[in-house]
Amino acid sequence: MYYFTQHCNTKSIRMKKITIAKGDGIGPEIMDATLKIILAAGAKIEVEEIEVGEKVYLAGNTAGISAEAWDVIRRNKVFLKAPITTPQGGGYKSLNVTTRKFLGLYSNVRPCKSLHPFVSTKHPIMDIVIVRENEEDLYAGIEHQQTDEVVQCLKLISRPGCEKIIRYAFEYAKQHNRKKVTCFTKDNIMKQTDGLFHKVFDEIAVEYPEIENEHWIIDIGAAKMADTPEIFDVIVMPNLYGDILSDVAAQITGSVGLAGSANIGEECAMFEAIHGSAPRRAGQNLANPSGLLQGAILMLNHIGQSDIAEKVQNAWLKTIEEGIHTYDIFNEGTSKVKVGTKEFAEAVINNLGKQPAILQPVFFDHNSQFVLPKYVRKQPKEKSLAGVDVFVHWIGESPDELSEIIKGITLPNIELTMITNRGIKVWPEGFRETFCTDHWRCRFKPKAGNKIEKENIPALLANAIASGIDTIKTENLYNFDGVAAYSLGQGQ
Ligand code: NAD
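Everything numeric in this text was worked out from a predicted model, so none of it was measured.

Rules and cut-offs
Counting restarts for each chain, with residues numbered from 1 along the sequence as it is written. Predicted model: local features are reported for residues with pLDDT of at least 70 only, side-chain atom pairs are reported and counted for 80 or more only, and whole-chain, interface and lining totals are derived from all residues. Hydrogens and waters are ignored; side-chain quantities use all the structure's heavy atoms. Each helix corresponds to a stretch of at least 4 residues labelled H or I by DSSP, and each strand to a stretch of at least 2 residues labelled E; elements are numbered beginning at the N terminus. Only protein chains enter the accessibility calculation, which uses a 1.4 Å probe. A residue is then buried if its area is under 20% of the maximum for its type, exposed if over 50%, and partly exposed in between. Contact criterion: two residues are considered in contact whenever any of their non-hydrogen atoms come within 4.5 Å of each other. Per-residue and other accessible areas were derived by the Shrake-Rupley procedure at a 1.4 Å probe size, with only the shown protein chains allowed to occlude residues. We score Asp and Glu as negative and Lys and Arg as positive, and we do not count His or the chain ends. To locate a charge, take atom NZ for lysine, CZ for arginine, CG for aspartate or CD for glutamate. Nonpolar cores were defined as sets of buried Ala, Val, Leu, Ile, Met, Phe, Trp, Tyr and Cys residues, with membership established by side-chain atoms within 4.5 Å. Polar contacts here mean pairs of N or O atoms no more than 3.5 Å apart (in protein, one a potential hydrogen donor and the other a potential acceptor; neighbouring residues in sequence count only if both atoms are side-chain atoms). The criterion for strand pairing is that DSSP finds at least two bridges linking the strands in question. Consider the strands pointing away from the viewer: the crossover is right-handed when the path from the first strand over the helix to the second runs clockwise. Near residues are defined by distance, with any heavy atom within 4 Å of the molecule or strand qualifying the residue. Take the residue count of a helix, subtract one, and multiply by 1.5 Å to get its expected span. We call a pair of cysteine sulfur atoms a disulfide whenever their separation is within 2.5 Å.

Time to look at the overall build of the protein. When helices and strands are counted, the protein shows 13 helices and 22 strands. Overall, the C-alpha framework of the protein stretches about 80 × 50 × 45 Å when taken along its three principal axes. The 492 residues of the protein split such that 53% are buried. Considering only contacts within the protein whose residues lie at least 6 apart along the sequence, 78% involve residues at least 24 apart. Accessible area for the protein stands at about 22,500 Å²; split by element, carbon and sulfur atoms hold 52% of it. Across the protein, the mean location of the 55 positive side-chain charges is 4 Å away from that of the 61 negative side-chain charges.

Grouped together as the largest cluster of nonpolar side chains are 77 residues, with contacts concentrated most on Ile-38, Leu-80, Ile-166 and Val-236. By residue number, the principal contributor to this core is helix α5 (residues 159-175), which donates eight residues. Core analysis: the second largest hydrophobic core is formed by 23 residues, Leu-416, Leu-460, Ile-469 and Tyr-478 among them.

Bringing the side chain of Gln-152 into the picture now. Within the secondary structure, Gln-152 is located in strand β8 (residues 151-153). For Gln-152, a relative accessible area of 18% corresponds to the buried category. Of note is the side chain of Gln-152, whose polar atom sits 3.4 Å from the side chain of Lys-473. Ignoring sequence-local partners within four residues, the contact set of Gln-152 consists of Ile-142, Glu-143, His-144, Gln-146 and Lys-473.

On to the pairing of strand β10 (residues 212-217), then. Relative to β10, strand β9 (residues 180-185) runs parallel, the two being bridged by six bridges. From the neighbouring strand, Thr-182 faces β10, where its bridge partner is Glu-214. Note on the crossover from β9 through helix α6 (residues 193-205) to β10: the handedness is right-handed.

Let's shift gears to the site of the ligand. With respect to spatial proximity, 18 residues lie near the ligand, and among them Asn-96, Gly-276, Ala-278, Asn-288 and Tyr-327 are the closest. The backbone of Ile-84 places a nitrogen or oxygen atom 2.9 Å from an oxygen atom of the ligand. Out of a free accessible area of 810 Å², the ligand has 66% covered by protein chains.

A word on the pairing of strand β17 (residues 383-393). Across the eleven residues that make up β17, a large majority, nine, are buried. Across ten bridges, β17 lies against strand β21 (residues 470-480) in antiparallel orientation. Bridge pairing in β21 places Ser-384 opposite Asn-479. Pairing analysis gives six bridges linking β17 to strand β20 (residues 439-446), with the strands arranged antiparallel.

The next point concerns helix α9 (residues 290-302). In this model α9 runs 18 Å from its N-terminal to its C-terminal C-alpha over 13 residues, within 8% of the 18 Å that 1.5 Å per residue would give. Among the 13 residues that make up α9, 13 are buried, leaving the element largely enclosed by the rest of the structure. One or two residues past the end of α9 sits Gly-304, with phi positive at roughly 85°.

A full pass over the atoms with the stated rule returns zero disulfides. In this structure Cys-183 is a free cysteine whose sulfur lies 8.8 Å from that of Cys-162, the closest cysteine sulfur available. Unpaired in this structure, Cys-442 has its nearest cysteine sulfur neighbour in Cys-436, at a distance of 12 Å. For Cys-442, a relative accessible area of 0% translates into the label buried.

As structure tokens, this is what we get:
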């Protein structure tokens, strides 16, 4: 197995040039506060600023970022980004999703820890880290309308994607002295995609015998996380689940406004607050800079300045503990002074060098070497064609009627074995009660004693076109090393 070494020894720290973007809405205020705090703490950083976000979008760049800005980000490799506003209306691409994918930032890490009793929460002893896969899943953004009634989004899960994120979660747990890694998937339904994620989790978990591991089906896992988060430690999951549950996790610690996140890739990394640009709070010295500050602390750890990260985090905990709070977490019972963005930053700076008395101070490992896993491609398996699904757009009431039409296009060596509608088998022996749309999947497999060949597929499609059947797409059915690697129809 090959690894990238990611962290450097704190003692050999040199000035690190980083890219920053002040973003939109409250972005500039919280970025100024964050930089002021970390520089006061002694962060050895040189800042190069780029413009991204609303202004760039509205100037006609639908990606929200210029080619020159990409050059700066790729040159400096470390990017601290304030939230940006994505203008309403179609055509504007999310800069966050684009950045993560362009730069290969496959790992999204969000620590979520309660600050009880200083920030109200129903979960006083919650301390979890969500490790979210950041590049694939439904976020591949491959969507199509196929019929009048049906649209689709492709869920792509890859073995490299699974291996990298799951190994990252275990390496993170090891480095941060965490005891358990939990995997959330819905593999009881999505046996191929989530099934692969779970399988890879089980494979990699055995490489870390010192760390406990477990798998939960996402629905009950999410319910349990919202109800009893103290039973979890590090949780790793595919992109969409991670996107949703990391916000839930941050919110139940007390506020999404307090959480930061790291987006890590093999070459570059981006750090940010998890909240948005809160445009209604902009320019009023109201916003809480804590989320971005937490992002900056993750960044300092990443660039090997863990001593500074530790100093800032403890000063921040002390400030929270003193009840010096911005409006969003201000609570008559536990807060003492309501402050603005600038005053909050000053309070944290005044506490640099101090430790919290009630909240637990942090001790970051100053000499650790965090090793980033790099994927090593496996030997290809033996792949053989086992059939084909032909999807058709057809308006009619009876699947039996469709089966008669479709049987007319078959070839001598293959036969129609099943028709499904939105995944549920409707022929043969469908239920009259099943609601059918205009989107049908017709499965062809070789007749007994026959094989299906690749060239049978265009022949089948040519027959369909000649018969006036509106074919939308085909999906080949494969066996890998003799094992069927496609789902059955529901009810099959
Ligand atoms: P938001 O996170 O900006 O605001 C949600 C609520 O939380 C608002 O009531 C807001 O006032 C409050 N809030 C958020 N951050 C705060 C802070 N630091 N201090 C105090 N209060 C805070 O979410 P939204 O309103 O749905 O989105 C606003 C804009 O932000 C949209 O254009 C959206 O696209 C964008 N957005 C950007 C990012 C990002 O750049 N990473 C993430 C999410 C949303």
